[in-house]
Amino acid sequence: MYRIQTMNKISPVGLNRFPSELYEVGDAVQDPQGILVRSAKLLDLEFNPSLLAIARAGVGVNNIPLDRCAAAGIPVFSTPGANANAVKELVICAMLMGSRDIPGAIRWVREQAASGVDVSTVVEKGKSAFIGPELYKKTLGIIGLGAIGSIVANTAISLGMDVYGYDPFLSVDTALRLDRHVHVVKDINDLYKRSDYITMHIHYTEKTAHMIDADAIAAMKRGVRVINLARGEIVDDEAMLTALDTGMVAAYITDFPNNRLLTAPHVIAMPHLGASTPESEQNCAAMAVDTLRDYLESGNIRSSVNLPEMTMDRSGVQRLCVLHKNVPGMLANITSLFGRDGVNVENLSNKSRGDYAYTMVDLGSKVGDNVIEDVRRTANVIRVRSLEW
Ligand SMILES: NC(=O)C1=CN([C@@H]2O[C@H](COP(=O)(O)OP(=O)(O)OC[C@H]3O[C@@H](n4cnc5c(N)ncnc54)[C@H](O)[C@@H]3O)[C@@H](O)[C@H]2O)C=CC1
Ligand SMILES: O=C(O)C(=O)COP(=O)(O)O
């Protein structure tokens with residue numbers, strides 16, 4: 001039985017993909033081999049020795065200690081693209097809310113009724129306070145043209161917006177998916193100076209922390225509306241509050257509220273709702289469970305954010321999965337141990353990613369436990385698993 005601990009509420013559409021005869025799943029599971037998580041913070045998590053993998057049902061992995069996991073031989077999986085449509089739809093909503101102060105307008109209507117006024121008699125006079133621009137023919141700047149940014153770009157084009165995108169690491173796949181009318185710029189200032197709306201769709205890392213700071217805002221068009229459904233830490237809150245105060249930024253629409261931000265009137269804050277649709281929760285959960293199972297049952301590493309990707313069809317009778325440091329000679333050191341036991345290698349794959357590498361070896365006959373122990377004791381080997389079929 002594999003033990004899987006859920007650290008957040010995970011859609012049953014995903015959880016039902018664990019065969020009950022093979023998996024024990026739940027939030028109270030002890031000493032798990034697999035963890036399923038959404039946004040719960042695991043940065044200080046102490047790994048129990050049996051922990052083999054962590055699957056994030058979602059894409060932002062700033063809540064998981066990726067380097068520490070890699071060093072301990074724990075792959076971290078994410079679910080690329082699985083919640084992109086949900087976020088895209090909320091970005092369009094955010095632009096509309098920020099343009100016409102829809103939350104303020106709704107609040108005002110309710111306040112009228114609550115104060116005893118007949119609402120129907122005041123709407124025509126009161127509505128002028130909520131006039132705001134249309135999206136049509138306005139310019140949208142998108143920072144990060146990955147799974148979310150690229151579909152936000154295409155949808156904005158279909159709404160009649162002029163779209164500028166900035167992504168220094170744009171993948172060929174994404175570039176091919178982009179509407180040909182999207183202007184991809186090499187200098188982010190080209191985007192800042194033109195955009196009426198700016199939305200960011202990048203991961204939060206040390207490099208993107210406070211990317212939207214006072215200098216970035218100073219390069220923007222006065223009255224810009226900024227949308228942040230990526231991560232709060234990407235924006236310097238103090239710089240944003242100053243810019244809201246001076247009118248440099250007309251509205252800041254964020255999925256990452258804090259009490260300080262909520263002191264400003266032109267902040268529209270949501271409780272991290274970007275991926276909260278049944279469709280997205282189901283997609284993410286299904287993908288996370290599938291990748292976790294594939295690793296636990298077959299050793300395949302797919303959609304990993306910290307260790308090399310590797311899949312191999314099953315062959316032979318036994319598979320050894322060896323996570324090790326990316327240093328010369330490892331493959332020879334490992335395979336020589338099988339030769340010594342007269343065991344034939346049916347298939348083998350080896351890939352590296354940064355400081356770490358992964359070797360999977362399918363063997364024609366079963367090796368003795370002493371051989372597995374020798375592999376485990378080989379210098380620079382981090383973790384060895386043996387799977388049999
Ligand atoms: N509010 C919510 O509920 C959700 C928020 N997110 C956030 O959105 C982020 C992006 O998600 P995806 O689009 O799925 O990821 P992705 O990996 O498909 O796209 C990220 C893109 O950012 C680009 N990039 C990296 N550094 C950059 C930089 N300095 N400037 C411009 N572009 C840069 C990459 O090349 C890549 O194309 C996630 O990391 C997460 O923080 C994602 C899903 C839901
Ligand atoms: O996938 C992401 O990065 C998200 O921000 C979604 O987070 P959630 O799964 O809704 O806690």
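Thresholds applied
Just so you know, the residues in each chain are numbered from 1, in the order the chain's sequence is written. Numbering of ligands from 1 and lettering of chains from A proceed in the order in which they are written. Thresholds applied to this predicted model are a pLDDT of at least 70 for local features of residues and 80 or more for the giving and counting of side-chain atom pairs; totals over whole chains, interfaces and linings are not thresholded and use all residues. Only heavy atoms go into the side-chain values, all of them from the structure, while hydrogens and water stay out. Counting from the N terminus, the helices are the DSSP runs of H or I reaching at least four residues and the strands are the DSSP runs of E reaching at least two. Contacts are assigned to residue pairs with any non-hydrogen atoms lying within 4.5 Å of each other. Polar contacts, as counted here, are pairs of nitrogen or oxygen atoms within 3.5 Å of one another; within protein the pair requires one atom able to donate a hydrogen and one able to accept it, and residues that are adjacent in sequence qualify only if both atoms are side-chain atoms. Think of it this way: DSSP has to see at least two bridges between two strands before they count as a pair. Axis lines are fitted to C-alpha atoms, over the contacting stretch for helices. Their N-to-C directions set the angle, which ranges from 0 to 180 degrees. Buried residues are those whose accessible area, probed at 1.4 Å on protein chains only, stays under 20% of the maximum for their type, while exposed residues exceed 50% and partly exposed ones sit between those limits. Orientation categories follow fixed angle ranges, with anything under 35 degrees roughly parallel, anything over 145 roughly antiparallel, 65 to 115 roughly perpendicular, and all other angles oblique. Crossing handedness follows the turn of the near helix against the far one: under a right angle anticlockwise gives a left-handed crossing, and clockwise gives a right-handed one. All residues other than Ala, Val, Leu, Ile, Met, Phe, Trp, Tyr, Cys, Pro, Asp, Glu, Lys and Arg, Gly among them, are scored as polar; the first ten of these are nonpolar and the last four charged. Any residue with a non-hydrogen atom lying within 4 Å of a molecule or strand is treated as near it. A 1.4 Å probe and the Shrake-Rupley method give the accessible areas. Residues count as covered only by the protein chains that appear here.

An unreviewed UniProt entry annotates the chain as D-3-phosphoglycerate dehydrogenase of Dysosmobacter segnis.

Moving on, we get to the environment of Arg225. By the secondary structure assignment, Arg225 is in strand β10 (residues 224-228). Separated by 127 residues in the primary sequence, Arg225 and Gly98 place their C-alpha atoms 6.8 Å from one another. If sequence neighbours within four positions are ignored, Arg225 has contacts with Gly98, Ser99, Pro133, Asp196, Tyr197, Ile198, Ala250 and Ala251. Within the structure, Arg225 has its side chain in polar contact with the backbone oxygen of Gly98 (distance 2.8 Å).

Think of a sheet as strands paired side by side through backbone hydrogen bonds, with each pair either parallel or antiparallel. An order of β14-β15-β13-β16 is seen for the 4 strands of this open sheet, with the pairing classed as antiparallel. Both edges of this open sheet fall to β14 (345-353) and β16 (381-388), since each of them pairs with a single strand only. Mean inter-strand twist for the sheet, computed between neighbouring axes without regard to direction, equals 10°. Where strand β13 (residues 318-325) meets β16, 7 bridges bridge the pair, whose relative direction is antiparallel. Looking across to β16, one finds that Val322 is bridged to Val384. Strands β13, β15 (356-363) and β16 of the sheet are contacted by helix α11 (residues 278-298), whose axis makes an angle of about 85° with β16. Along the sheet face, helix α12 (residues 330-340) touches β13, β14, β15 and β16 and points at about 150° away from the line of β13.

It is worth spelling out helix α10 (residues 237-246) at this point. Taken as a whole, α10 has its buried residues at Asp237, Ala239, Met240, Leu241, Ala243 and Leu244. Where α10 begins, one side-chain oxygen reaches toward the backbone nitrogen of Glu238, 3.1 Å away; that side chain belongs to Asp236. Looking one or two residues beyond α10, the residue adopting positive phi is Gly247, at roughly 85°.

As a further point, take the packing of α12 against helix α13 (residues 369-377). Relative placement of two packed helices is described by the angle separating their axes and the distance separating the axes. As a packed pair, α12 and α13 sit with axes 10 Å apart at the nearest point and diverge in direction by 160°. In this view, α12 runs roughly antiparallel relative to α13, as classed from their interaxial angle. Crossing angle aside, the handedness with which α12 passes α13 is right-handed. Here Ile334, Leu337, Phe338 and Arg340 of α12 lie close against α13, whose contacting residues are Val371, Asp374 and Val375. Classifying every residue of the contact of α12 with α13 gives 5 nonpolar, no polar and 2 charged.

In spatial order, the strands read β8-β7-β6-β9-β10-β11-β12; together these 7 strands make up an open sheet with parallel pairing. Looking at strand neighbours, the two that pair on one side only are β8 (183-185) and β12 (267-269), the edges of this open sheet. Each neighbouring strand pair of the sheet contributes to a mean axis angle of 20°, computed without reference to strand direction. By the bridge criterion, 3 bridges tie strand β11 (residues 249-254) to β12 in an arrangement that is parallel. Across the sheet, the residue bridging to Ile253 is Ile268, located in β12.

Moving on: the site of ligand 2. Close contacts around ligand 2 come from Arg38, Ser39, Arg56, Ala57, Gly58, Val59, Gly60, Asn83, Arg231, His272 and Ala275, and that covers them all. Here Arg231 contributes a side-chain N or O atom positioned 2.9 Å from an oxygen atom of ligand 2. In the complex, 89% of the free accessible area of ligand 2, which totals 320 Å², lies under the protein chains.

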